[in-house]
Amino acid sequence: MTARPLIGVSTYLETGARWGVWELEAALLPAGYPRLVQRAGGLAALLPPDAPERAAATVARLDGLVIAGGPDVEPVRYGAERDPRTGPPARARDAWELALIEAALAARVPLLGICRGMQLLNVALGGTLVQHLDGHAETVGVFGGHAVKPVPGTLYASLVPEETTVPTYHHQSVDRLGAGLAPSAHAADGTVEAVELPSDRWALGVQWHPEMGEDVRVMRGLVEAAG
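Quick look at the structure, then. Bear in mind that the values here come from a model prediction, so they are computed numbers and not experimental data.

Moving on, we come to the sheet that holds strand S9 (residues 164-168). With mixed pairing, the nine strands of this open sheet are ordered in space as S4-S1-S5-S6-S13-S12-S11-S8-S9. One side of each edge strand has no neighbouring strand; the edge strands of this open sheet are strand S4 (43-47) and S9. Averaged over all pairs of adjacent strands, the angle between strand axes in this sheet comes to 25°, irrespective of strand direction. Pairing analysis gives three bridges linking strand S5 (residues 64-67) to strand S6 (residues 111-114), with the strands arranged parallel. By the bridge assignment, leucine 65 is partnered in S6 with leucine 111.

This is the structure we're talking about:
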């Protein structure tokens, strides 16, 4: 039997997490992420935040990497002042996940960024973000949905060639693209909804949340590249 590729998924630390009789700090990740990896044919390994200098050694053990969604990237990371609508910083997570991205790109380990993960991929390559836009997170704490259209000839279009409706929850987006990145899907309002590195490295970012839907094609693409 062919071994399933090992796909690392970044997690985050939360204080005051509760389960059973316990209320403790915990490394958390919505269950949709590992389930999507598993449905796509991979083995999921959850990666708690660690020292950035350990990122390369961590990535070296993996066949593929997913940077999960989460809080806003601190604007200082892309040379901007904080907009009042930008959320509080998650500095340790920013540092760890940026180091993971850089290590994956350097080692040519297949990489998928989801929502915040796509934004971090853009920032890691010198890009900037729009700190607030309306219409992509309509109700606090509730995923919405809208259509995204692939750019013909891109990696994303090879995985999902048709326009699809995707689960979405974000209020920030890509502004200036990072070095080497190309847009590979757009929303109807022109928002960049996917980016990729058009090279021999498998690196893709999607602004939506595939772990909240039924379509496994993007994650299957990562798992197959990792295999």
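Moving on, we come to the packing of aromatic side chains. Counted according to the given criterion, the structure contains one aromatic pair. The interplanar angle of 70° and the centroid separation of 5.4 Å between the aromatic rings of tyrosine 156 and tryptophan 208 together place this pair among those described as edge-to-face. Taken together, the positions of tyrosine 156 in helix H5 (residues 155-159) and tryptophan 208 in the loop between strand S13 (203-206) and helix H6 (217-226) put the pair 52 residues apart, joining distant regions of the chain. Both residues of the pair, tyrosine 156 and tryptophan 208, belong to the buried class.

Here the structure, examined in full by the defined rule, presents ten salt bridges. A salt bridge links glutamate 97 to arginine 116; the nearest nitrogen and oxygen atoms lie 2.8 Å apart. With glutamate 97 in helix H3 (residues 91-107) and arginine 116 in helix H4 (residues 116-124), this pair connects stretches of sequence that are 19 residues apart. Across the pair, exposure class does not vary: glutamate 97 and arginine 116 are buried alike. The residue glutamate 162 makes a salt bridge to arginine 217 at a minimum N-O spacing of 2.8 Å. A residue pair is termed long-range when its members are at least 10 positions apart, and glutamate 162 in the loop between H5 and S9 and arginine 217 in helix H6 qualify at 55 residues. Taken together, the salt bridges that share partners define one network made up of Arg93, Asp94, Glu97 and Arg116.

Another point: the packing of H3 against H4. H4 packs onto H3 with a crossing angle of 70° between their chain directions and a minimal axis gap of 10 Å. The angle between H3 and H4 places the two elements in the roughly perpendicular class. Considering how the two elements wind past one another, H3 and H4 form a crossing that is right-handed. Residues Arg93, Asp94, Glu97, Leu98, Ile101 and Leu105 of H3 pack against Arg116, Gly117, Leu120, Leu121 and Ala124 of H4. Of the residues in the contact of H3 with H4, the class split is six nonpolar, one polar and four charged.

Locating proline 183 in the fold gives a position in strand S11 (residues 182-187). For proline 183, a relative accessible area of 26% translates into the label partly exposed. Considered as a pair, proline 183 and proline 150 are 33 residues apart in the sequence and their alpha carbons are 9.0 Å apart. Apart from residues lying up to four places away in sequence, proline 183 is in contact with Val151, Thr154, Leu177, Val192, Ala194 and Val195.

For strand S2 (residues 12-19) and strand S3 (residues 22-28), the ladder comprises six bridges, and the chain directions are antiparallel. Along S3, the bridge assignment pairs tyrosine 12 with leucine 28. Between S2 and S3, which pair antiparallel in sequence order, lie two residues; one of them, glycine 20, sits at a positive phi of approximately 55°.

Helix length check: H3, at 17 residues, gives a terminal C-alpha distance of 24 Å against a target of 24 Å (1.5 Å per residue), a fit within 8%. Every buried residue of H3 is listed here: Arg93, Asp94, Trp96, Glu97, Leu98, Ala99, Leu100, Ile101, Ala103, Ala104 and Leu105. Remark: arginine 108 follows H3 within two positions and exhibits a positive phi of approximately 60°.

On the surface, Trp19, Val21, Trp22 and Leu24 cluster together to form a nonpolar patch covering roughly 480 Å² of accessible area. By the secondary structure assignment, valine 21 is in the loop between S2 and S3. Owing to a relative accessible area of 75%, valine 21 belongs among the exposed residues under this scheme.

Now for H4. For the α-helix, the turn length of 3.6 residues means that residues three or four positions removed from each other point alike. Taking burial as the measure, the nine residues of H4 include eight buried ones, the bulk of the element. Along H4, the residues classified as buried are Arg116, Gly117, Met118, Gln119, Leu120, Leu121, Asn122 and Val123. Within two residues after H4, glycine 126 carries a phi angle of roughly 90°, on the positive side.

About the thresholds
Residues numbered from 1 in each chain as written. Predicted model: local features only at pLDDT ≥ 70, side-chain atom pairs only at ≥ 80, totals over all residues. Heavy atoms only, no water. Pairing = 2+ DSSP bridges. Helix = DSSP H or I, 4+ residues; strand = E, 2+ residues; numbered from the N terminus. Axes fitted to C-alpha atoms, helices over the stretch in contact; angles between N-to-C directions. Phe/Tyr/Trp six-rings, centres within 6.5 Å; stacked < 30°, edge-to-face > 60°. Buried < 20%, exposed > 50% of the residue type's maximum accessible area, 1.4 Å probe, protein only. Salt bridge = Lys/Arg side-chain N within 4 Å of Asp/Glu carboxyl O. Parallel < 35°, antiparallel > 145°, perpendicular 65-115°, else oblique. Left-handed = near helix turned anticlockwise from the far one by under 90°. Contact = heavy atoms within 4.5 Å. Nonpolar A, V, L, I, M, F, W, Y, C, P; charged D, E, K, R; others polar. Expected span 1.5 Å × (residues − 1). Patch = residues over 30% accessible without salt bridge, like charges linked within 9 Å, V, L, I, M, F, W, Y side chains within 5 Å. Areas by Shrake-Rupley, 256 points an atom, 1.4 Å probe, with all protein chains shown as cover.

That is the geometry; function is a separate question.
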